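# A look at the structure
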Amino acid sequence: MVIHKPSRLLPLLLALVFITGCTQARFNPVSTAPLPQPGLTPERIILNLTQTPATSQAVTWRTTAIVTTPKAQIAIATGSPVFRTKATTLTALSESIKSDDAPLVFYHSVTFKDLAPNTLYAYRVGDDTHWSEWNQFKTASATPQPFSFIYFGDPQDEVGSMCARTFRTAFKTAPDAAFWHFVGDMVNNGDKDAEWQELFDAFGWIPRTTPMILLPGNHAYPDKRFVKGDAFKIFPQWRPQFTLPQNGPKGLEETAYAIDYQGVRFIMLNGNEKLQEQAEWLNTVLANNPQPWTIAAIHQPIYATGRKRNDQQRQALFVPVFDKYSVDLVLQGHEHSYARTQRLFNGQPATAPHKGTVYITSVCGPKAYPANHRYDHLTETTGTGRQLFQVIRVNSKSLTYEAFDSAGNPYDRVELIK
Ligand SMILES: [Fe+2]
Ligand SMILES: [Fe+2]
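Remember, predicted model here, so these are calculated numbers, not experimental data.

Moving on to the environment of phenylalanine 203. Checked against the element boundaries, phenylalanine 203 lands in helix α3 (residues 193–203). Judged by relative accessible area, which is 3%, phenylalanine 203 ranks as buried. Distance from phenylalanine 203 to serine 94, taken between C-alpha atoms, is 23 Å for residues 109 residues apart in sequence.

Right under this line is the structure:
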């Protein structure tokens, strides 16, 4: 066997390669580009569904330094990089916000309009010198078509440390989900910028390509026990961070709204205020509903299956409307435990086949409260102590609901037939 000894020339050759590399880098035209300015790189980029998801799409982002010409670009995505040459540029709306625990920041948003249904688009956000990467999203079909989405209960606590795994397992379980649907308590203190940062860190790039719909929980508001009257209002951090529909009751813009998506009418309710107004609005929104399926969401559950609290005001206001218009699912959070009822009508298991409303309470963060069994006569599954997410697949004939834990284990399942 011949063993090659290291050549004495090797160090000299390596030195030559190093010097040559340095010389090339010094004259590389790329290195002459202006260095990124601190604070101008787009961050916390998030897609939100609009009320017309077949033809429009909203995106929000922020910078920590002021941007004079915030904008977004969009083009139909192709496999070739040439799509960029056909991009349209839109000017963004901007607003600034100051949190107690962070410097002044600048939120920017664009709503892409006049899009083609069921079409993959590429977009980027930024300004003339600082652009995000090109991301992609797909518009909804204009007519009912099968699709899936993922529903999450409260992240809320230890979001950076403990919710990232839930989000990543969810994405790997249903990468084709059309959007993610949260039901509030995204963070524990909705006025703390550091907690929102944890959420976006845990999300990673997912909200840049999977749109989100979400509504506020009680942690997006000050504690009701200590704040009265007009001082009780949603924290100013909520609305700048998202671009959500404003088609709900007056005063609840971007917190209570309706979206039709490929055969499902989604209703977002704000369980924190103006409940009577929302019950009346719900009546009007459901009285003229051409969609075969209806899914409502509210943070505070209608049938509370956690702790001692059991506020029945929401039950009295909303159950008659859910019953009247045969709402299929009500998605909820707040209890930090899990419960899924049978199909219910007027507070009891429905007797007619394939009728009634299923009420679900779930949680995706690590905080867990004991499950309360006061509604065991209505529930099919009750539990606590797991970080969960739920994949819901809908077609014209059936709705398949599957809950998984953060390790990917199946936890609960039900199928509804139309
Ligand atoms: Fe919560
Ligand atoms: Fe809550």
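Before going further, it helps to spend a moment on the domain arrangement of the protein. In terms of domain boundaries, the protein breaks down into domain 1 (43–138) and domain 2 (147–417). Here the C-alpha centre of domain 2 lies 26 Å away from the C-alpha centre of domain 1. Taken together, the contact pairs 29 residues of domain 1 with 29 residues of domain 2. At the boundary of domain 1 with domain 2, the tally comes to 3 salt bridges. Across the pair arginine 62 and aspartate 193 runs a salt bridge, and its minimum N-O distance is 2.9 Å. Summed over the shared surface of domain 1 and domain 2, the number is 15 residue pairs in polar contact (both at pLDDT 80 or more). If you tally residues by element for the side of domain 1 that touches domain 2, the top one is strand β1 (residues 43–48), at 6 residues. Of the residues belonging to the side of domain 1 that touches domain 2, the class tally is 12 nonpolar, 10 polar and 7 charged.

Put simply, a metal with four donors set out as a tetrahedron has ideal angles of 109.5 degrees, and one with six donors set out as an octahedron has ideal angles of 90 or 180 degrees. Surrounding the iron ion (ligand 1) are the protein donor atoms Asp154 (OD), Gln156 (OE1), Asp185 (OD) and His336 (NE2), which sit 2.1 to 2.3 Å from the metal. Viewed at the metal, the 4 donor atoms of the iron ion (ligand 1) are separated by angles of 86 to 172°, and the geometry they form is irregular. Donor residues for the iron ion (ligand 1), ordered by position in the chain, follow D-x1-Q-x28-D-x150-H. The metal-metal distance between the iron ion (ligand 1) and the iron ion (ligand 2) is 3.1 Å, with aspartate 185 serving as a donor to both. Taken together, the positions of aspartate 154 in the loop between β9 (147–152) and α2 (159–173) and histidine 336 in the loop between β15 (329–332) and β16 (338–341) put the pair 182 residues apart, joining distant regions of the chain. Among the residues examined, histidine 336 registers a relative accessible area of 2% and is labelled buried.

The sheet built from 7 strands is open, its strands ordered β12-β13-β14-β15-β19-β16-β20 with mixed pairing. Only two strands of the sheet have a single neighbouring strand rather than two, namely β12 (257–261) and β20 (379–383). Going across the sheet, the axis of each strand differs from the next one's by a mean of 10°, ignoring polarity. With 3 bridges joining them, strand β14 (residues 293–297) and β15 adopt parallel strand pairing. Paired with alanine 297 across the two strands is leucine 331, which belongs to β15. This element, helix α5 (residues 275–287), spans β12, β13 (264–268) and β14 of the sheet and lies at about 170° to β13.

The subject of this paragraph is the coordination of the iron ion (ligand 2). Distances from the iron ion (ligand 2) to its protein donors, Asp185 (OD), Asn218 (OD1), His299 (NE2) and His334 (ND1), fall within 2.1 to 2.2 Å. For the iron ion (ligand 2), the 4 donor atoms in the first shell make angles of 88 to 165° at the metal, a pattern classed as irregular. The sequence motif formed by the donor residues of the iron ion (ligand 2) is D-x32-N-x80-H-x34-H. When its relative accessible area of 3% is taken as the criterion, aspartate 185 is described as buried.

Before going further, it helps to spend a moment on the packing of α2 against α3. Relative to each other, α2 and α3 sit at 30°, their axes nearing to 8 Å. Taken together, the axes of α2 and α3 lie roughly parallel to each other. Between α2 and α3 lies a crossing of right-handed hand. Contact residues: Val159, Gly160, Ser161, Ala164, Phe167 and Arg168 in α2; Glu198, Leu199, Asp201, Ala202 and Phe203 in α3. Across the contact of α2 with α3, the residue classes tally to 6 nonpolar, 2 polar and 3 charged.

So, about the sheet that holds strand β8 (residues 135–138). Taking strand neighbours across the sheet as the criterion, the 4 strands line up as β4-β3-β7-β8 in an open arrangement whose pairing is antiparallel. Each edge of the sheet is formed by a strand with only one pairing partner; in this case those strands are β4 (88–91) and β8. Averaged over neighbouring strand pairs, the angle between their axes works out to 30° when direction is ignored. Pairing analysis gives 6 bridges linking strand β3 (residues 71–76) to strand β7 (residues 120–126), with the strands arranged antiparallel. Pairing of alanine 72 across the sheet is with valine 125, part of β7.

So, about the pattern of salt bridges. Working definition: two side chains of opposite charge can pair if their charged atoms are close together. Taken as a whole, this structure holds 18 salt bridges when the rule is applied. Note that glutamate 133 is salt-bridged to arginine 208, the shortest N-O span being 2.8 Å. Placement of the pair is glutamate 133 in the loop between β7 and β8 and arginine 208 in the loop between α3 and β11 (212–213), with a sequence separation of 75 residues. Residue class for arginine 208 comes out buried when judged on its relative accessible area of 16%. One salt bridge in this structure joins glutamate 273 and lysine 274, with 3.7 Å as the shortest N-O distance. When its relative accessible area of 31% is taken as the criterion, lysine 274 is described as partly exposed.

As a further point, take α2. Along its 15 residues, α2 runs 20 Å from first to last C-alpha, staying within 8% of the 21 Å computed at 1.5 Å per residue. All of the buried residues in α2 are Val159, Cys163, Ala164, Thr166, Phe167, Thr169, Ala170 and Phe171. The inward-facing, buried residues of α2 contact β9, β10 (180–182), α3, β21 (388–394) and β22 (398–405).

Calculation criteria
- Residues numbered from 1 in each chain as written.
- Chains lettered and ligands numbered in written order.
- Predicted model: local features only at pLDDT ≥ 70, side-chain atom pairs only at ≥ 80, totals over all residues.
- Heavy atoms only, no water.
- Helix = DSSP H or I, 4+ residues; strand = E, 2+ residues; numbered from the N terminus.
- Buried < 20%, exposed > 50% of the residue type's maximum accessible area, 1.4 Å probe, protein only.
- Domains from an automatic or database assignment.
- Contact = heavy atoms within 4.5 Å.
- Salt bridge = Lys/Arg side-chain N within 4 Å of Asp/Glu carboxyl O.
- Polar contact = N/O pair within 3.5 Å; in protein donor to acceptor, adjacent residues only side chain to side chain.
- Nonpolar A, V, L, I, M, F, W, Y, C, P; charged D, E, K, R; others polar.
- Donors = N, O, S within 2.8 Å, 3.2 Å for Na, K, Ca; no water.
- Tetrahedral: all angles 85-135°; square planar, octahedral: opposite > 155°, others 65-115°.
- Pairing = 2+ DSSP bridges.
- Axes fitted to C-alpha atoms, helices over the stretch in contact; angles between N-to-C directions.
- Parallel < 35°, antiparallel > 145°, perpendicular 65-115°, else oblique.
- Left-handed = near helix turned anticlockwise from the far one by under 90°.
- Expected span 1.5 Å × (residues − 1).

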